[in-house]
Amino acid sequence: MGPSRRTPKPLVAPWSAAALGAAAALSAKPAKAQTPPDPTPVTEPATAPAPAPEAPPEEAVVRGHGTPPRGAGDVPITVGLLSQVPRGSAGDLLRLAPGMFLSNGLGEGHADQVFLRGFDARSGQDLEFTVNGVPVNEPAHPHGQGYADTHFLIPELVESMRVLEGPFDPRQGDFAVAGSAQYTLRMPARGAHVQYRGGSFNTHRVLALWGPDGESAGTFGGVELGSSDGYGQNRSYERATANAQYEGHSGGLTWRVLAMSYGIRYRSAGVIREDDYLAGRVGFYDTYDPTQGSEVTRHLVSAEVESTRAASVLRAQAWASLRSFRLRENFTGSLLDVQQPYQSPHAQRGDLIDQAASTVDVGMRASARLRTTWRERPQSVEFGAYARHNAVDSTQQRLRATTDVPYLTDFSLDNSVSNLALYLDAELRPLPWVVLRGGLRADLFQYDVLDRCAVRGVTVRGAPLDQECLSADRAGYRSPTERRSSGGVAWQPRGALFVGPWKGLTAAFSAGLGARSADPVYLGNDQQLPFSPITAIEGGVVFERRVAGLNVNARALYYRTHVGQDLIFNETEGRNTLASGTLRQGALVAARASNGWLDLSAHLTYARATFDDDGALVPYVPPWVARFDGAINRPLPLRFRGRAVTASAGVGVTWVAPRPLPYAERGEAIFTVDAQVSARWAYYELGFIAQNLLDAQYAWGQYNFASDFGSRDFATLVPARHFTPGPPRQLFVVFTLHLGAAAARHGAPTEPPR
Amino acid sequence: MNRRSLALALLFAGCADTTGAQRVTFAVEAAGIERDAAQPLSFTTDQGWTVTLTEARVALGPLYLNTLAPLEGDRRHPLRRRVEDFLLPSAYADGESHLGAGRVVGEVTTQVEVDALSPALTPVAGGGDGVAEPSLTAEAWLFNRDGALGGAAVRVAGTAHRDDLDVAFEGALVIDQSLVAAGGSIDEARKVRGIPARLTLAQGGVLRVRVDPRGWFDGADFRELTAGTARDGRYRFSPQDNVGRAFLNRARTRAVFGVTFSPTR
């Protein structure tokens, strides 16, 4: 292999039309973190040398690149050329992680339903999300503890992710049950980029990104406006997003100020009964209840400072966030409003759930990593702290069908939820081919919940009918409110052992305990352990080497995770509710190979999830998930006015095996293909996107439960198959105008023509 | 199937594991009681009237199978009941009565007109749905129906004989607001609850419902009808007379309906 093959030729221009992030990774100016120019990162070998004593500031700040792995399932993902594969959101980027499958059949702004390693993290509660270090999961959220909505991210600004599957790093916090997904926003493609996307279902999206020349890739600004009528009925949306960050450097000091703002209003079609669809009573993409939908806002600021010296790295970060949330969903039609003895006679009034929350979220994290050398091998230890407080005013009511008038309060809570954590993490290299990483984390979860409707759903002698929040019980008068408080510490040792590499092959073994904070809705007063304990182990091998001109990163592993008290979807509540303990185990294989112009990624995961009490399968968890992403980018043998034309293409293929459903059934498999092609000349780029290219008609979500949407002559009360349809084929055209110094050089000959 | 394909099949089938009870569909058949169809249906009421029916039609449906226990009453000796209730009092949770909402494990959501004089089972279009879990009771609903029932839920005609008196009669059960108790719902007037149905549904089986009209006129004294005027030789009973009142109550009792299930057709 000649030197020219070992040192890939740097790519010179941004090519991606629809995903400017790819351009960023490939073409950016020479910040040190972006070299080598190959878009696919090679995970830091387990026994790789420690960072140089005077690590460049940029290298230290890139999360996901600079964090040593904690297991075979710890995957740093640079989006790179694979941004050519069509994706609808920042959440979609997670499909690059092994075993990850996302669906979202409940509306454009609804948090993605995430499936990972046998977990149905319905709205994210089993996966810890962070964005540039700021936590995303929302404790005490009325739609589910740990609700994680990542739609406030502009996907083109996501440079990389670190997906750590399993709780094996002491820095992982609350909700890291199936693992963590850490987004890093940066914009290596300097200059200004203005993009319009339009197409199917009257969809329009305008995006403007700005990364001033002369500033680091961590300084950027982006705004996005989008709207669509949506496919089928009642799936329209309008949204606006702004993401901006300033990053400054001075010697070994780096500081960042991040600001984000986001708002969306979207309609939701909800579920469809399969028998109604098969009988022709409703269409595949129809809705029963057009009043379903949501309004969400999020405003966030974060400040971070980092000091990198020869023997230490100090970090401190603080953030504050304001959020509002309202969601109306109806899974069961008119089924649950049965006549109660404390109600005046009534017919079914409808099961439309109205959830609302107003949240103030403040927090901080700080750490100090001390580095030394022992036996000529680098060793380090880190002390860290994390604190977060969420004040959440949450309610859930039932609304009368078609009128939106509330008739019943399910809960009304004033939540104060605090999480304070301390951790110790060490990296030890006792032998040249052995690395130990791990430590201990302790999380204190503290709750103070004022239940404003503590007495409801009971019959009190002498009480008037139709009183929701009673001021009496069987013992006589009482206040309608009740306060519940609780707290407890979760001790969580975590560690990983790496042996190797030999010819690129490293064996990795990980084990750890984790915790998921309790849902305040189910919190008892003075509950001793307000969290669900998690126990996880993992073993596997990772192969990282350059093979035949490709950077190859492959892994195979076995995992096993036990959850002490799980949360499973409950259609009557429209959210996940308490269930017994569960066990997941399975295996995965994944590989990514790339060079400067080709990028291929594939993974296959098997998961088996069972309940502790009866051994039954956990419903909704797909046993098999497979995903392929491929992208290519090449200059065409075509020049116009002396500038080369470059072309790129990307394809993504998803296959999900039939999922177990309640009542001993299996759902339908999912198979979709997404594709994109684009061409760029100088400042201009034109692309075409086809999502669900084969126009497969499939169900994103499949359920078995009882519902009554009035589609039969008489009430139906037994479980039936329901589904939320995935989108049909959607076609878009994308036009991008690139401005700035980098754009001015795009396609220009490196040498003047003779 | 060779060993490898068997292993693959098991693997893809999730090792044949399950998430719980199975969802099932089943056929439904309805008819009157089993008897010799060549003979008229005659029976004697508790008032000594020998009644021979010439018409007995019921608009039956929907029908639900529930996990609720049947309303069998308390058959214990009063003294024993007092002692046992004193030693082991029943517990009632907040918001519950001794008959909670239960859980529906099977349903037939169509209406069918049953000729209660015909013992021949006729299939109910659409069949039924449910889950393979034990049920204890059935709940039948009676809705008014046009056609042969003429806007009634139950229609009946026949003759009643006692001593030397023959009374030809006809009448109907019409579910309307006149049957609704103060503060109640018309749905309560439609329901016939607590029909014994100790069965477990299975895929492909058949649910059989038989309507027994022999108790419809218990407590009725047909002599009162003769004080009125016969039309076409028949006296028509109504809720204002004792025959009509007895019929309104007796036609909506659980004893009228028999529900069985056969796992195979």
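Residues numbered from 1 in each chain as written. Chains lettered and ligands numbered in written order. Predicted model: local features only at pLDDT ≥ 70, side-chain atom pairs only at ≥ 80, totals over all residues. Heavy atoms only, no water.

## Some thoughts on the overall build of chain A
And then number 1: Within chain A, the secondary structure is distributed over five helices and 39 strands.
And then number 2: For chain A, the proportion of its 754 residues judged to be buried stands at 61%.
And then number 3: Taking the contacts inside chain A whose residues are at least 6 apart along the sequence as the reference set, 69% of them involve residues at least 24 apart. (Helix = DSSP H or I, 4+ residues; strand = E, 2+ residues; numbered from the N terminus. Buried < 20%, exposed > 50% of the residue type's maximum accessible area, 1.4 Å probe, protein only. Contact = heavy atoms within 4.5 Å.)

## Some points on the overall build of chain B
And then number 1: The helix and strand inventory of chain B stands at four helices and 14 strands.
And then number 2: A total of 265 residues make up chain B; the buried ones form 41% of that total.
And then number 3: Contacts spanning at least 24 positions in sequence make up 81% of the contacts within chain B whose residues lie at least 6 apart.

## A short note on helix H4 (residues 242-250) of chain B
And then number 1: Every buried residue of H4 of chain B is accounted for by Asn-242, Val-243, Gly-244, Ala-246, Phe-247 and Leu-248 of chain B.
And then number 2: At its buried positions, H4 of chain B is contacted by strand S9 (154-162) and strand S10 (165-173) of chain B.

## So, the interface of chain A and chain B
And then number 1: Taken together, the contact between chain A and chain B spans 30 residues of the former and 32 residues of the latter.
And then number 2: Both sides of the chain A and chain B interface together cover about 2500 Å² of buried area, and 56% of this is carbon and sulfur.
And then number 3: Of all residues in chain A, Tyr-663, Phe-714 and Val-718 of chain A bury the most surface against chain B, accounting for 26% of the area lost on that side.
And then number 4: Here chain A is connected to chain B by three salt bridges.
And then number 5: In this assembly, chain A and chain B are joined by eight residue pairs in polar contact (both at pLDDT 80 or more).
And then number 6: The set of elements that each furnish at least two residues to the side of chain A that touches chain B consists of strand S30 (598-611), strand S33 (660-661), strand S34 (665-666) and strand S38 (719-725) of chain A. (Buried area = accessible area lost by both parts, 1.4 Å probe. Salt bridge = Lys/Arg side-chain N within 4 Å of Asp/Glu carboxyl O. Polar contact = N/O pair within 3.5 Å; in protein donor to acceptor, adjacent residues only side chain to side chain.)

## Quick notes on the pattern of salt bridges
Oppositely charged side chains can pair when the atoms bearing their charge come close.
All names here are of chain A.
And then number 1: Per the counting criterion, the structure on display carries 60 salt bridges over all chains.
And then number 2: Ionic pairing is found between Arg-483 and Asp-448, a salt bridge with its closest N-O pair at 3.0 Å. Taken together, the residues Arg-483 in strand S23 (residues 482-502) and Asp-448 in strand S20 (residues 434-451) connect sequence positions 35 residues apart.
And then number 3: A salt bridge links Arg-627 to Asp-629, with the shortest nitrogen-to-oxygen separation between them at 2.8 Å. Asp-629 matches Arg-627 in its accessibility class, with the two residues each being buried.
And then number 4: One network of salt bridges, with partners in common, ties together Arg-70, Asp-74, Arg-162, Asp-169, Arg-171, Arg-369, Glu-382 and Asp-425.

## Points about the pairing of strand S1 (residues 74-78) of chain A
And then number 1: Burial analysis of S1 of chain A places five of its five residues in the buried class, which makes it a mostly covered element.
And then number 2: Burial along S1 of chain A is two-sided: Asp-74, Pro-76 and Thr-78 of chain A facing one way and Val-75 and Ile-77 of chain A facing the other are all buried.

## Re the confidence of the model for chain B
Residues and elements named next belong to chain B.
And then number 1: Of the residues in chain B, 81% have a pLDDT of 70 or more, and the chain-wide mean is 84.
And then number 2: Across residues 5-16, where pLDDT falls below 50, the model places eleven contacts with residues more than four positions away in sequence or in other chains.
And then number 3: Ignoring residues within four places in sequence, the model shows residues 89-100, a span with pLDDT below 50, making 15 contacts including any to other chains. (pLDDT = per-residue confidence, 0-100.)

## Some remarks on the sheet that holds strand S6 (residues 134-135) of chain A
All names here are of chain A.
And then number 1: Pairing is mixed across the open sheet formed by five strands, whose spatial order is S1-S7-S8-S5-S6. Looking at strand neighbours, the two that pair on one side only are S1 and S6, the edges of this open sheet.
And then number 2: Bridge analysis of S1 against strand S7 (residues 158-165) gives five bridges, and the strand direction is antiparallel. The residue of S7 that forms the bridge with Thr-78 is Ser-160. (Pairing = 2+ DSSP bridges.)

## Focus on the sheet that holds S38 of chain A
Strand pairing in a sheet relies on backbone hydrogen bonds, with the paired strands running either antiparallel or parallel.
Residues and elements named next belong to chain A.
And then number 1: What the three strands build is an open sheet, ordered S14-S38-S37; its pairing is antiparallel. The outermost strands of the open sheet, each flanked by one partner alone, are strand S14 (272-273) and strand S37 (699-706).
And then number 2: As defined by bridge partners, S14 adjoins S38 across two bridges and the pair is classed as antiparallel. If you follow Ile-272 over to S38, its bridge partner there is Phe-723.

## Describing the nonpolar core
And then number 1: Counting 71 residues, the largest nonpolar core has Leu-94, Met-100, Phe-129 and Tyr-183 of chain A as the members making the most contacts within it.
And then number 2: In terms of residue count, strand S13 (residues 253-267) of chain A provides more of this core than any other element does, five residues in total.
And then number 3: Filtering out sequence-adjacent residues up to four positions away, Met-100 of chain A remains in contact with Leu-94, Arg-95, Val-114, Phe-115, Leu-116, Leu-127, Val-163, His-603 and Val-625 of chain A.
And then number 4: Residues Val-131, Val-192, Leu-199 and Val-256 of chain B belong to the second largest nonpolar core, which totals 64 residues. (Core = buried A, V, L, I, M, F, W, Y, C linked by side-chain atoms within 4.5 Å.)

## So, the environment of Ala-472 of chain A
Residue and element names in this part refer to chain A.
And then number 1: On the secondary structure map, Ala-472 appears in strand S21 (residues 472-473).
And then number 2: We classify Ala-472 as partly exposed; its relative accessible area is 22%.
And then number 3: Measuring from C-alpha to C-alpha, the distance between Ala-472 and Val-455 comes to 7.7 Å, with 17 residues separating the pair along the chain.
And then number 4: Residues contacting Ala-472, with those up to four places away along its chain left out, are Val-455, Val-460, Tyr-477 and Arg-478.

## Details of unusual backbone geometry
And then number 1: Residue Pro-501 of chain A is bonded to the preceding Gly-500 of chain A through a cis peptide linkage, with omega at 5°.
And then number 2: By the element assignment, Pro-501 of chain A lies in strand S23.
And then number 3: With an omega of 5°, the peptide bond running from Gly-61 of chain B to Pro-62 of chain B counts as cis.
And then number 4: In this fold, Pro-62 of chain B is placed in strand S3 (residues 50-66).

## Thoughts on the packing of aromatic side chains
Within a pair of aromatic rings, the relevant descriptors are the distance that separates the centres and the angle that separates the planes.
And then number 1: The full count for this structure, using the stated rule, is 31 aromatic pairs over all chains.
And then number 2: Ring geometry for Phe-169 of chain B versus Phe-237 of chain B: centroids 6.3 Å apart, planes at 40°, classification tilted. Residue Phe-169 of chain B is found in strand S10, and its partner Phe-237 of chain B is found in the loop between strand S13 (235-236) and H4; the two are separated by 68 residues along the sequence.
And then number 3: For Phe-169 of chain B, a relative accessible area of 0% translates into the label buried.
And then number 4: Note on Phe-237 of chain B: relative accessible area 5%, which makes it buried.
And then number 5: Taking the centre distance of 5.4 Å and the plane angle of 15° together, the rings of Phe-217 of chain B and Phe-247 of chain B count as stacked. Placement of Phe-217 of chain B in the loop between strand S12 (206-211) and S13 and of Phe-247 of chain B in helix H4 is noted, with a sequence separation of 30 residues between them.
And then number 6: Of the residues examined, Phe-247 of chain B reaches a relative accessible area of 0% and is grouped as buried.
And then number 7: One aromatic cluster is present, formed by Trp-49, Phe-169, Trp-216, Phe-217, Phe-222, Phe-237 and Phe-247 of chain B through successive ring pairs.
And then number 8: It is Arg-634 of chain A that lies over the ring of Trp-597 of chain A; its NZ or CZ is 4.4 Å from the centre. (Phe/Tyr/Trp six-rings, centres within 6.5 Å; stacked < 30°, edge-to-face > 60°. Lys NZ or Arg CZ within 6 Å of the ring centre and 35° of its normal.)

## Some points on a nonpolar patch on the surface
All names here are of chain A.
And then number 1: A cluster of nonpolar residues, Val-677, Tyr-684, Leu-686, Phe-688, Val-733 and Phe-735, forms a patch on the protein surface that exposes about 520 Å² of accessible area.
And then number 2: Put simply, the parts of the chain that give the nonpolar patch at least two residues each are strand S36 (684-691) and strand S39 (730-739).
And then number 3: A total of three residues in the nonpolar patch trace back to one element, the largest contributor, which is S36. (Patch = residues over 30% accessible without salt bridge, like charges linked within 9 Å, V, L, I, M, F, W, Y side chains within 5 Å. Areas by Shrake-Rupley, 256 points an atom, 1.4 Å probe, with all protein chains shown as cover.)

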